[in-house]
Amino acid sequence: MILNKRKALKINSVIKLIVVLATIFLFSCSPVKYVPEDRYLLNKVNVEVDNPKINKVEAKSHIRQKENYKILGFAKFYLWLYNLSSKDKSDSWLKRIGEAPVIYDPVLTQASNDRLKQYLGNRGYFRAEVDAEVKLKENKQRANVNYVISTGEQYHVNEIDYHISDSGLDSLFHTDSVKTFIRPGTPFDFNLLEQQRENIVQLYRNNGYFYFNKDDVSYIADSSQFEKEIILDLY
């Protein structure tokens, strides 16, 4: 029993040693080897948001420029492979399987800012603010970008007006529970509107309207009449 414990301790020690040596080797090559002198490696991209209803991973998916791919959440292995290649060989196999450094681009940072605002607007946060904080480490040629999101209050549905010209469709809609999916007081969210469109299509197809599709359902949202509230017109 004691021998087994000693053997397990030895194995754990060897594994730790391998991890340490691999880490040292991994970071021994400069990550900015292929970064031009007047440019910066996009080292880290982060999202901060003051609202738990907004998923950070989902928000980050709208960012136009992200740092190099990480393995295990921290090791930029493919960038490391690329940096192992020779500058004298443009078609090196290390370049082919590796990943070139992502060079920080302020234009894409502004585009990311705009896309985040659009995403938040689609979620009903029409007064959201997004501030891209950029920290440049000139001596290391690295840039860290932190998107700070303040969502403000989410708009809600105040009223829904239905404009269904076909009497058969109108009757089906008003006698089915699908009508209550979005109602006064529901948070305004384009994802909910999209789900409602799918619910309506499914309702009509299940009742013989086989060629009915999402393009036959549309909304107009009016935010001008009430403070932080929306009037919806469904057609």
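Note that the structure is a prediction, hence the values are computed from the model and not measured.

### Focus on helix α7 (residues 190–206)
In this model, α7 (17 residues) spans 24 Å end to end at C-alpha, consistent with the 24 Å of a helix rising 1.5 Å per residue. Residues of α7 that are buried: Leu193, Gln196, Arg197, Ile200, Val201, Leu203 and Tyr204. Summarising the axial view, the buried residues of α7 lie within an arc of 160°, below the 170-degree limit, and thus occupy one face. On the buried face of α7, the contacting elements are α6 (167–174), β5 (219–226) and β6 (229–234).

### Quick look at a positive patch on the surface
Side chains of Lys44, Lys135, Lys137 and Lys140 sit close together on the surface and give a patch of like positive charge. As for its placement among the helices and strands, Lys140 is situated in the loop between β2 (129–137) and β3 (142–150).

### Quick look at the sheet that holds β2
Within the open sheet, the 3 strands sit side by side as β1-β3-β2. Their pairing is mixed. Pairing within the sheet leaves two strands with one partner each, and these edge strands are β1 (41–49) and β2. Strand-to-strand, the axes of this sheet are offset by a mean angle of 15°, without reference to chain direction. Looking at chain direction, β2 and β3 are connected through 9 bridges and run antiparallel. Its bridge partner lying in β3, Ala132 is registered against Tyr147. Sitting on the sheet, helix α5 (residues 106–122) touches β2 and β3, and the angle it makes with β2 is about 155°.

### Considering the sheet that holds strand β4 (residues 156–162)
In spatial order, the strands read β4-β6-β5; together these 3 strands make up an open sheet with mixed pairing. Of all strands in the sheet, those with a lone pairing partner are β4 and β5, marking the two edges. Here the strands of the sheet are splayed against their neighbours by 25° on average, with no regard to which way each runs. Bridge count for β5 against β6 is 5 bridges, and the pairing is antiparallel. The residue of β6 that forms the bridge with Tyr219 is Leu234. Packed on one face of the sheet, α7 meets β5 and β6 and runs near 140° to β5.

### Regarding the environment of Glu227
Of note, Glu227 is situated in the loop between β5 and β6. For the pair formed by Glu227 and His156, sequence separation is 71 residues and the distance between their alpha carbons is 9.7 Å. One polar contact links Glu227 to Arg127, side chain to side chain, over a distance of 3.1 Å.

### Section: the side chain of Lys95
Note on placement: Lys95 falls in helix α4 (residues 93–97). Buried within the structure, Lys95 lacks any salt-bridge partner; Asp88 is the closest side chain of opposite charge, at an N-O distance of 8.5 Å. Polar contacts involving the side chain of Lys95 include one to the side chain of Tyr34, which spans 3.1 Å. At 3.1 Å, the side chain of Lys95 forms a polar contact with the side chain of Ser85. If we ignore the near neighbours within four places in the chain, the residues touching Lys95 are Tyr34, Tyr82, Ser85, Ser86, Lys87, Lys89 and Ser90.

### Looking at the nonpolar core
By size, the foremost hydrophobic cluster in this structure holds 20 residues, and its most contacted members are Ile54, Leu116, Leu120, Tyr147 and Ile149. Contributing elements (two or more residues each) for this core: β1, α5 and β3. What Leu120 contacts, discounting residues up to four positions off in sequence, is Ile54, Tyr125, Ala128, Val130, Ile149 and Thr151.

About the thresholds
- Residues numbered from 1 in each chain as written.
- Predicted model: local features only at pLDDT ≥ 70, side-chain atom pairs only at ≥ 80, totals over all residues.
- Heavy atoms only, no water.
- Helix = DSSP H or I, 4+ residues; strand = E, 2+ residues; numbered from the N terminus.
- Expected span 1.5 Å × (residues − 1).
- Buried < 20%, exposed > 50% of the residue type's maximum accessible area, 1.4 Å probe, protein only.
- Arc of directions from axis to C-beta.
- Contact = heavy atoms within 4.5 Å.
- Patch = residues over 30% accessible without salt bridge, like charges linked within 9 Å, V, L, I, M, F, W, Y side chains within 5 Å.
- Areas by Shrake-Rupley, 256 points an atom, 1.4 Å probe, with all protein chains shown as cover.
- Salt bridge = Lys/Arg side-chain N within 4 Å of Asp/Glu carboxyl O.
- Lys, Arg positive; Asp, Glu negative; His and termini not counted.
- Charge placed at Lys NZ, Arg CZ, Asp CG, Glu CD.
- Pairing = 2+ DSSP bridges.
- Axes fitted to C-alpha atoms, helices over the stretch in contact; angles between N-to-C directions.
- Polar contact = N/O pair within 3.5 Å; in protein donor to acceptor, adjacent residues only side chain to side chain.
- Core = buried A, V, L, I, M, F, W, Y, C linked by side-chain atoms within 4.5 Å.

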